[in-house]
Amino acid sequence: MKLDEQGDWQRSCECGTLRRSDIGREVVVMGWVHNRRDHGGVVFIDLRDRTGILQVVFNPEESLSAHEAAGDVRGEFVIAVRGEIRERPPETLNPNLATGEVEVMVEEVRVLNRAETPPFVIDDEAHVAESTRLKYRYLDLRRPAVQEKLMFRHRLTKCIRDYLDQSGYIEVETPILTKSTPEGARDYLVPSRVNVGNFFALPQSPQLFKQLLMVAGFDRYFQIVKCFRDEDLRADRQPEFTQVDIEASFITPETMYELVEGLLEAVFALSGKSLERPFPRLTYADAISRYGIDRPDTRFGLELADVTDVLRTAELRVFRDVAEKGGLIKALAVPEGSRLSRKDLDTLPDEVSQFGAKGVAWARLTAEGWQSPIAKFLSEEQKKGVEVATGAEEGSVVLFLADKARVVNDSLAHLRIVLGDRLGMIPHDQNALVWVTDFPLFDYSEDEKRAVAIHHPFTAPFDEDLERLESDPLSVRSRAYDVVWNGTELGGGSIRIHRTDVQQRVFKQLGIDEEEAREKFGFLLDALSYGAPPHGGIALGLDRLAMLLTGGTSIRDVIAFPKTQRAACSLTEAPSEVDPKQLRELGLKINV
């Protein structure tokens, strides 16, 4: 088949833009053959571009040459047609298409390129393995639903830029090749050819550079920036990801709350969602106490209750032993417990075994009293205490976990979501946003046998807690905050340390001595000594935000060319081996 050149033809409009008001116009449209049908000599082609689908008609009585050319056209061929917009006959109207009232009667066609038969149908309804989709991503990206997600992402980033620009924030680019620093995930390292034996790191975030911009007096900064982390992947993780990075000087957390709430209100409106402001706030301690997790889904109840003191003296040995060892006993009351069968209750230990829990105790509250294997080990006073603490009533099922605090909280937080979903208690049409505040500054790592930063080493402690920084570091609260939507963290931030002496004290608690601090962060410490203003900020996950606003379940759906679960690119087959000559130039040798 002979191919044509586009020549001097120019598109006069796009496929999905034509309507009844265009009837009678002479147009030139171009795109991909989505579908081809031959109805008794008249050929119908659905022509597709990123704006939609348009029916074009090849009638031998209108143009014999065009009709003959259409006979050789197949799916995904690239064509250009010239013709008149006409009204579709009443029996062929298509209410499912925006262009369903019109069609193009083709006078001339140019076949610009042929196409091999694709490995899958370019259609939103086609069920295709993700591995195949990612290998042929350029074909997958032709599907209207996939294109719409990326076009939404474009509108999302534009909305964010416009909002922050109008709020007085300046977008500044920061380096991609930077210095490797401790704390956080593993870095992606880039060897230097000019400085053999030395390495750059790809940034996990622009954290230090945005702080330096505050020292420089830029006052209000933002950046939609690519970041890199060499860590295990999940549905909402990628080795390279994009975040909305924000920093401002002379602020309090309230400044960020107001800014981010307004920003999220604007971007939620893009997908037809409304928000109630201001967002509720929970301290970290309250979130853990009531929900067992620092990113709670607050759309429904099923809150947890600490019953350690109530059951401290219970005859049940497991409760008594946990309480004596400083552990935690928590309970969760499930209303309408009759909806949970005995089989449902017996499978709950399997749900929490992944968190290290050894089992789940339960009790049904009936008119005749507690029905439970543990009932005989509890006094009437203890049962009444559990009912008061949990709000359990007749008909409820109460679940119990006793173990180390982290095991209990992680297990019950998971069970809360599982049961809320199973029992239809989660209103999926609601948007519950909440700020979680006042995180601990440090956590204790059993693996490293030292304190580690919960957010990052540059987070400011509460002023009133500074006196305990050395004497009781795990009790020190940080001026950190996360914004959470329906149980998913959208972003986190904090007020930063702006004084050299405080930064050095925090480094010391993290096991970073003066020599290492100077080697790794000397430029930051120097900068803080030259009049750094109080400052803080936040980073929002753009990929995750786009995924959630488009109803997706994986951020791969909203990234043009994502990596697989194994941090590889199926399309380009990266990462790959390199020429030995390149390794020699870099002074590298591979030892496997």
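Above this text sits the structure in question.
Bear in mind that the values here come from a model prediction, so they are computed numbers and not experimental data. (Residues numbered from 1 in each chain as written. Predicted model: local features only at pLDDT ≥ 70, side-chain atom pairs only at ≥ 80, totals over all residues. Heavy atoms only, no water.)

**Q** Looking at this model, I keep getting lost on the layout of surface pockets. Mind explaining?
**A** Where empty space is left becomes clear once a probe the size of a water molecule has been rolled over the atoms. Size it by volume and the second largest pocket reaches roughly 370 Å³. Grouping the amino acids of the lining of the second largest pocket by side-chain chemistry returns eleven nonpolar, three polar and five charged. (1 Å grid on protein atoms, 1.4 Å probe; cavity = no way out; pocket = protein on both sides within 12 Å on 5 of 7 lines; lining within 4 Å. Points joined across faces, edges and corners; volume = space filled by probe spheres on them. Nonpolar A, V, L, I, M, F, W, Y, C, P; charged D, E, K, R; others polar.)

**Q** Any chance you could explain a negative patch on the surface here in plain terms?
**A** A cluster of acidic residues, Asp-513, Glu-514, Glu-515 and Glu-519, forms a negative patch at the surface. Along the chain, the position of Glu-515 falls in helix α14 (residues 514-528). Take Glu-515: its relative accessible area is 66%, and that puts it in the exposed class. (Patch = residues over 30% accessible without salt bridge, like charges linked within 9 Å, V, L, I, M, F, W, Y side chains within 5 Å. Areas by Shrake-Rupley, 256 points an atom, 1.4 Å probe, with all protein chains shown as cover. Salt bridge = Lys/Arg side-chain N within 4 Å of Asp/Glu carboxyl O. Lys, Arg positive; Asp, Glu negative; His and termini not counted. Charge placed at Lys NZ, Arg CZ, Asp CG, Glu CD. Helix = DSSP H or I, 4+ residues; strand = E, 2+ residues; numbered from the N terminus. Buried < 20%, exposed > 50% of the residue type's maximum accessible area, 1.4 Å probe, protein only.)

**Q** So what exactly am I meant to see when it comes to empty space enclosed by the protein here?
**A** With the rule as written, the count across this model stands at one cavity of 30 Å³ or more. Of the pockets and cavities examined, the largest cavity occupies roughly 40 Å³. Per-class residue counts for the lining of the largest cavity are one nonpolar, one polar and four charged.

**Q** I tried to follow the packing of helix α4 (residues 144-166) against helix α6 (residues 253-270) on my own but got confused; where do I start?
**A** The axes of two packed helices give the description: the angle between them and the distance between them. Their axes nearest at 10 Å, the elements α4 and α6 cross at an angle of 145°. α6 is crossed by α4, and the crossing has right-handed handedness. Each of Phe-152, Arg-155, Leu-156, Cys-159, Ile-160, Tyr-163 and Leu-164 in α4 lies in contact with α6, whose residues at this interface are Glu-258, Leu-259, Gly-262, Leu-263, Ala-266, Val-267 and Leu-270. Here the contact of α4 with α6 is composed, by residue class, of eleven nonpolar, one polar and two charged. (Axes fitted to C-alpha atoms, helices over the stretch in contact; angles between N-to-C directions. Left-handed = near helix turned anticlockwise from the far one by under 90°. Contact = heavy atoms within 4.5 Å.)

**Q** Looking at this structure, how should I read unusual backbone geometry?
**A** Across residues other than glycine, the phi torsion is negative in most instances, and most of the peptide bonds are trans. With an omega dihedral of -5°, the bond running from Arg-277 to Pro-278 counts as a cis peptide bond. Along the polypeptide, Pro-278 turns up in the loop between α6 and β11 (281-283). Ala-574 connects to Pro-575 through a cis peptide bond whose omega is 0°. Residue Leu-302 is not a glycine yet carries a positive backbone phi of 50°. Here Leu-302 lies in the loop between α7 (284-291) and β12 (304-306).

**Q** Hey, could you run me through the packing of aromatic side chains in this one?
**A** What characterises a pair of aromatic rings is the spacing of the ring centres plus the angle enclosed by the ring planes. One pass over the full model with this rule turns up eleven aromatic pairs. An angle of 80° between the planes, with centres 5.6 Å apart, marks the rings of Tyr-257 and Tyr-481 as edge-to-face. Of this pair, Tyr-257 sits in helix α6 while Tyr-481 sits in strand β20 (residues 480-485), and the two are 224 residues apart along the sequence. On the basis of relative accessible area, Tyr-481 is assigned to the buried category, the value being 0%. With 5.4 Å between their ring centres and 75° between their planes, Phe-458 and Phe-521 make a pair best called edge-to-face. You can see Phe-458 sitting in the loop between β19 (450-453) and β20 and its partner Phe-521 sitting in helix α14, a full 63 residues away along the chain. (Phe/Tyr/Trp six-rings, centres within 6.5 Å; stacked < 30°, edge-to-face > 60°.)

**Q** Can you help me understand the sheet that holds strand β16 (residues 397-403) in this one?
**A** The pairing of strands in a sheet happens through backbone hydrogen bonds and is either parallel or antiparallel. One open sheet holds the five strands; their spatial order is β12-β13-β16-β14-β15, and the pairing between them is antiparallel. The open sheet has two free edges, formed respectively by β12 and β15 (369-371), since each of these has just one partner strand. Neighbour-to-neighbour, the strand axes of the sheet open up by a mean angle of 30°, direction not taken into account. Judged from the seven bridges that link them, strand β13 (residues 328-334) and β16 form a sheet pairing that is antiparallel. Within the sheet, the bridge partner assigned to Ile-329 lies in β16 and is Ala-402. Each of β12, β13, β14 (361-366), β15 and β16 touches helix α11 (residues 380-390); the most contacted strand, β15, lies at about 90° to it. (Pairing = 2+ DSSP bridges.)

**Q** How should I be thinking about the sheet that holds strand β17 (residues 433-437) in this particular structure?
**A** Read from one edge to the other, the open sheet built from eight strands follows the order β6-β9-β10-β22-β21-β20-β17-β11, with strand pairing classed as mixed. Strands with a single pairing partner mark the edges of an open sheet, and in this sheet they are β6 (170-171) and β11. Bridge count for β6 against strand β9 (residues 220-228) is two bridges, and the pairing is parallel. Following the sheet pairing, Glu-171 is matched in β9 by Phe-222. Packing against the sheet, α7 makes contact with β11 and β17, and its axis sits at approximately 90° to β11.

**Q** Honestly, the side chain of Gln-223 in this entry has me stumped. Any pointers?
**A** Here Gln-223 is to be found in strand β9. On the basis of relative accessibility, which here comes to 4%, the residue Gln-223 falls in the buried class. Here Thr-174 takes part through its side chain, which lies 3.0 Å from a polar atom of the side chain of Gln-223. Aside from chain neighbours lying at most four places away, what touches Gln-223 is Glu-171, Val-172, Glu-173, Thr-174, Pro-206, Gln-243, Val-244 and Asp-245. (Polar contact = N/O pair within 3.5 Å; in protein donor to acceptor, adjacent residues only side chain to side chain.)

**Q** I tried to follow α7 on my own but got confused; where do I start?
**A** Side chains that are three or four residues apart share a direction in an α-helix, a result of its 3.6 residues per turn. Listing the buried residues of α7 in full gives Ala-287, Ile-288 and Tyr-291. Angular distribution of buried residues about the axis of α7 spans 105°; they occupy a single face of the element. The elements touched by buried residues of α7 are β11, β12, β13, α12 (405-422) and β17. Gly-292 sits one or two residues past α7 and shows a positive phi near 80°. (Arc of directions from axis to C-beta.)

**Q** How should the environment of Leu-332 be read in this particular structure?
**A** Looking at the secondary structure, you find Leu-332 in strand β13. With 84 residues separating them in the primary sequence, Leu-332 and Arg-416 have C-alpha atoms 8.0 Å apart. For Leu-332, the contacting residues outside a window of four places in its chain are Leu-302, Glu-303, Leu-304, Val-397, Val-398, Leu-399, Leu-412, Arg-416 and Leu-419.

**Q** Would you explain the nonpolar core in this entry?
**A** If you look at soluble globular proteins, the nonpolar side chains tend to sit buried side by side. Formed by 62 residues in total, the largest nonpolar core has its most connected members in Ile-246, Leu-264 and Val-267. Here this core takes eight residues from α6, the largest share from any one element. In this structure, Ile-246 is in contact with Leu-164, Tyr-169, Lys-210, Tyr-221, Phe-222, Met-256, Leu-259, Leu-263, Arg-496, Gly-537 and Ile-538, ignoring residues within four places of it in sequence. Core analysis: the second largest hydrophobic core is formed by 24 residues, Ile-45, Leu-47, Val-56 and Ala-70 among them. (Core = buried A, V, L, I, M, F, W, Y, C linked by side-chain atoms within 4.5 Å.)

**Q** Would you take a moment to explain the pattern of salt bridges for this structure?
**A** Where side chains of opposite charge bring their charged atoms close, a pairing between them can arise. Tallied over the full model, the rule gives 47 salt bridges. One salt bridge connects Arg-82 with Glu-107, and the closest N-O pair in it is separated by 2.9 Å. Here Arg-82, found in strand β4 (residues 78-87), pairs with Glu-107, found in strand β5 (residues 102-113); they are 25 residues apart in sequence, far enough to count as distant. Accessibility expressed as a relative area gives 33% for Glu-107, which makes it partly exposed. As a salt-bridge pair, Glu-240 and Lys-563 come within 2.5 Å of each other at their nearest N and O atoms. Here Lys-563 lies in the loop between α15 (542-549) and α16 (580-586) and Glu-240 lies in strand β10 (residues 240-249), a separation of 323 residues in the sequence. A relative accessible area of 26% places Glu-240 in the partly exposed class.

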